[in-house]
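# Remarks on the overall topology
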Amino acid sequence: MQSQFGKNTLRSMAACFLCGAGALAASHLACAAPLSSVLFEQNTWKEIQADIAAGATTIIVPVGGTEQSGPFIAVGKHNTRALYLAQQIAEKAGNTLVAPVIAYVPEGGTSPRSSHMRFPGTITVPPDVFEKLLVSAGESFQVQGFKLIVFVGDHGGYQKYLQKAAETLTQKWKGTGAKALYAAGYYTVVAHQYADWLKQKGYGKDVGMHADISDTSLMLAVDPSMVREQALRASGTPSSADGIYGGDPRRASASLGQAGLAMQVNAAVQAIEQARGN
């Protein structure tokens, strides 16, 4: 099975060959970059059409969220991580594109303010609106020719809605050869396999539920600019009043986060391969 990266590389090689020897030096930079990307939004409709015809009929819908994550992690944490990981999953699974990140998700109530909406920096939408968005996105991809629509969610509060949307779409598409997949392992591996790994490494008291050592380490491994190091190291005793729910994040590191990211990618790829029947 040829990966999307492989197809893009071949496209680049062909483009560079056509540049011609006389223009090679002047056009080197333009020819070096792939003409296409696993990111759906960075392709033209012609390129997407060609990718589908060539067998890239799986698309990942990364679901993030905009919420507080303690006083030291930027509120776009879930969006940044979901997009980064979706690209890794797509490259590893092959023949897969990545849809734009869904950044508006249920995060609590506005009147009265509840859950993460108690803090500035959080955006919420009603669950029924969110479900309709997921279903509509899935239908948009299915009518274009995608056969496997994969939902991966980086935040715990909406996992049940991802599952429901996948079940609704799969039932609706019965007999068409298309289906939707809720890749649950992408999220659950963090609270189980990754948490267990951290405990085995001596970080048991640092593992919590939100903005803890695991959450912070994953963010450091993806984009350290999203973590305010000075505020992190000076955070003191973790408190829910500061948006930290259990665990101590101060020993977080990118190296610890890399292990968790690998677990998430592997869990999602395994789910995709099983759904494909590989």
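Cut-offs and rules
- Residues numbered from 1 in each chain as written.
- Predicted model: local features only at pLDDT ≥ 70, side-chain atom pairs only at ≥ 80, totals over all residues.
- Heavy atoms only, no water.
- Helix = DSSP H or I, 4+ residues; strand = E, 2+ residues; numbered from the N terminus.
- Buried < 20%, exposed > 50% of the residue type's maximum accessible area, 1.4 Å probe, protein only.
- Contact = heavy atoms within 4.5 Å.
- Areas by Shrake-Rupley, 256 points an atom, 1.4 Å probe, with all protein chains shown as cover.
- Polar contact = N/O pair within 3.5 Å; in protein donor to acceptor, adjacent residues only side chain to side chain.
- Salt bridge = Lys/Arg side-chain N within 4 Å of Asp/Glu carboxyl O.
- Core = buried A, V, L, I, M, F, W, Y, C linked by side-chain atoms within 4.5 Å.
- Axes fitted to C-alpha atoms, helices over the stretch in contact; angles between N-to-C directions.
- Parallel < 35°, antiparallel > 145°, perpendicular 65-115°, else oblique.
- Nonpolar A, V, L, I, M, F, W, Y, C, P; charged D, E, K, R; others polar.
- Phe/Tyr/Trp six-rings, centres within 6.5 Å; stacked < 30°, edge-to-face > 60°.

### Considering the overall build of the protein chain
When its secondary structure is counted, the protein chain shows ten helices and four strands. Counting helices and strands in the order they occur from the N terminus, the protein chain gives α-α-α-β-α-β-α-β-α-β-α-α-α-α. Counting across all 278 residues of the protein chain, residues that qualify as buried make up 49%. Counting only contacts in the protein chain whose residues sit at least 6 apart along the sequence, the fraction spanning at least 24 positions is 74%. For the protein chain, the exposed surface amounts to about 12900 Å²; the carbon and sulfur share of it is 58%.

### Observations regarding the side chain of D215
Mapped onto the elements, D215 comes out in helix α8 (residues 213–222). Residue class for D215 comes out buried when judged on its relative accessible area of 7%. At 2.7 Å, the side chain of D215 forms a polar contact with the side chain of K77. Among residues more than four places away in sequence, those in contact with D215 are K77, R81 and H210.

### Brief notes about the side chain of Q264
Mapped onto the secondary structure, Q264 falls in helix α10 (residues 254–276). Take Q264: its relative accessible area is 3%, and that puts it in the buried class.

### A look at the pattern of salt bridges
Tallied over the entire structure, the rule returns ten salt bridges. Each of E67, K77, R81, D154 and D215 takes part in one network of salt bridges that share partners.

### Considering the nonpolar core
Counting residues in hydrophobic clusters, the biggest one holds 46 residues, and the most contacted among them are I60, I89, V150, L181, Y186, Y194 and I272. Those elements that place two or more of their residues in this core are α4 (77–93), β3 (148–153), α7 (185–200), α8 and α10. Broken down by element, this core gets its largest block of residues, ten residues, from α10. Not counting residues within four places of it along the chain, the set of residues in contact with I272 comprises T58, I60, I89, A93, L148, V150 and L181. I52, V63, I102 and A180 belong to the second-largest nonpolar core, a separate cluster that totals 29 residues.

### Quick word on the packing of α8 against α10
A pair of packed helices is characterised by two quantities: the angle between their axes and the separation of those axes. As a packed pair, α8 and α10 sit with axes 7 Å apart at the nearest point and diverge in direction by 90 degrees. Relative to α10, the element α8 is oriented roughly perpendicular. Across the interface between the two elements, I213, S217, L218, L220, A221 and V222 of α8 pack against A254, L256, G257, Q258, G260, L261 and Q264 of α10. Here the contact of α8 with α10 is composed, by residue class, of eight nonpolar, five polar and no charged.

### Let's talk about the packing of aromatic side chains
This structure, assessed with the given rule, holds six aromatic pairs. The interplanar angle of 40 degrees and the centroid separation of 5.4 Å between the aromatic rings of F130 and Y158 together place this pair among those described as tilted. Residue F130 is found in helix α5 (residues 127–144), and its partner Y158 is found in the loop between β3 and α6 (159–172); the two are separated by 28 residues along the sequence. Pair check on accessibility: F130 and Y158 agree, each one buried. Between Y194 and W197, the aromatic rings sit 6.1 Å apart at their centres with planes inclined by 20 degrees, giving stacked as the arrangement. Of this pair, Y194 and W197 are both found in helix α7, three residues apart, which corresponds to roughly one turn of the helix. Chaining the aromatic ring pairs together yields one cluster made of F40, F141 and F146.

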